[in-house]
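Overview (structure and organization)
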Amino acid sequence: MNGSRIAALGHYQPARVLTNDDLAGMVDTSDEWIRSRVGIRTRHIAGPDEPVDELAAHAAAKALAAAGLAPADIDLVLVATSTAVDRSPNMAARVAARLGVPRPAAMDVNVVCAGFTHALATADHTVRAGAASRALVIGADKMSDVTDWTDRTTCVLVGDGAGAAVVEASEEPGVGPVLWGSVPDMGHAVRIEGEPARFAQEGQSVYRWATTQLPPLARQACERAGYTPADLAAVVLHQANLRIIEPLAEKLGAVNAVIARDVAESGNTSAASIPLAFSKLVEQGVISAGDPVLLFGFGGNLSYAGQVVRCP
């Protein structure tokens, strides 16, 4: 086999929906204030009895069903998350146990909001090297667990959820070369730290970095896969907020592409945001099998990773 491809996608969100009006009853904010600044209308919030591995397993089970595969067909489980509570067993092992995957390599990837695209690249490299034949790649985060619900600058942003992809060996590469990197000395711009751990960010610093530094990097990711931005059928950026997504997409120049805007419904779900939004586009039928799609994650650690994939 010469490469890997995404065989199927799946996503999951908790049932509880938190609206902007709900938040206005909790902190000094309003629907108009939130929409005008970040473009978010609603977000899904998991309950205390819904841990991250449960969200991840639901999304992964849907991806497996869509691919027509059984858990025993998987030999690698990668979970991108930054909201794991325990250090061991890791999230990937817990998801594998929930699904009944018998003997997988099981690893967590913590690159915060860029976690899924890092994990996807890792799965692609592993399959290409022959160390795995089929992988479950999952982005899952329960941001509500690390949010200060009295801080209106952050609590209006976040949501919970999971998205998953089945990646398998393929004669025709369907996952393009990754472009990835970070700005380590700016790691303080997005943080989940302290006791108890809390999400915090320097919003203006992140906005300037994302809207000025990332467009040429996203174009490079396209070039590595042999595409121009005009060739893309869809662009799925990390769903941080619309004030970042829309200018970044415009500067990229993907004039013929559907731009994922799931953030309006789901909020910022960190590592879950890209597979969640991508899976919804496929489910809605707005893109077709074989279409080139740019996935580009960015955020925590001021890390980024992107690749062009073929739509399953």
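For the structure, see preceding data.
Definitions and cut-offs
Residues numbered from 1 in each chain as written. Predicted model: local features only at pLDDT ≥ 70, side-chain atom pairs only at ≥ 80, totals over all residues. Heavy atoms only, no water. Helix = DSSP H or I, 4+ residues; strand = E, 2+ residues; numbered from the N terminus. Polar contact = N/O pair within 3.5 Å; in protein donor to acceptor, adjacent residues only side chain to side chain. Contact = heavy atoms within 4.5 Å. Buried < 20%, exposed > 50% of the residue type's maximum accessible area, 1.4 Å probe, protein only. Right-handed = clockwise from strand over helix to strand, strands pointing away. Pairing = 2+ DSSP bridges. Core = buried A, V, L, I, M, F, W, Y, C linked by side-chain atoms within 4.5 Å. Arc of directions from axis to C-beta.

**Thoughts on the side chain of Thr269**
- Summarising the element assignment, Thr269 is placed in the loop between helix H9 (263-266) and helix H10 (273-284).
- A polar atom in the side chain of Thr269 sits 3.1 Å from the backbone nitrogen of Ser273.
- Once residues within four sequence positions are removed from consideration, Thr269 is found in contact with Asp141, Met143, Gly159, Asp160, Gly161 and Leu276.

**What to know about the pairing of strand E11 (residues 234-237)**
- Residues of E11 alternate between two faces, with Ala234 and Val236 on one and Val235 and Leu237 on the opposite face, all of them buried.
- Following the chain from E11 across helix H8 (residues 242-252) to the adjacent parallel strand E12 (residues 258-259), one finds a crossover that is right-handed.
- Sheet topology places E11 next to strand E13 (residues 292-299); four bridges connect them, and they run parallel. Across the sheet, the residue bridging to Leu237 is Phe296, located in E13.

**Notes on the nonpolar core**
- If you look at the biggest cluster of nonpolar residues, it comprises 47 residues, and the most contacted ones within it are Leu214, Leu232, Val235, Leu294, Phe296 and Phe298.
- Per-element accounting of this core gives the leading share, eight residues, to helix H7 (residues 203-224).
- Once you skip the residues sitting within four places of it in the chain, Leu294 turns out to touch Ala218, Ala221, Cys222, Leu232, Ala234, Val235, Val236, Leu252, Gln307 and Val308.
- Of all hydrophobic cores here, the second largest spans 32 residues; its members include Phe116, Ala165, Ala271 and Val309.

**Remarks on helix H4 (residues 91-99)**
- Along H4, the positions that sit buried rather than exposed are Met91, Ala92, Val95, Ala96 and Leu99. Around the axis of H4, the buried residues are gathered within 135° of arc, so they sit on the same side.
- Turning to H4, the residues buried within the fold contact helix H3 (52-67), strand E4 (76-80), strand E5 (105-109) and strand E6 (134-142).
- Directly beyond the C-terminal end of H4, a positive phi value near 85° is found at Gly100.

**As for the environment of Pro104**
- For Pro104, the location among the structural elements is in the loop between H4 and E5.
- The residues touching Pro104, leaving out its near neighbours within four places in the chain, are Ile74, Asp75, Leu76, Val77 and Ala96.

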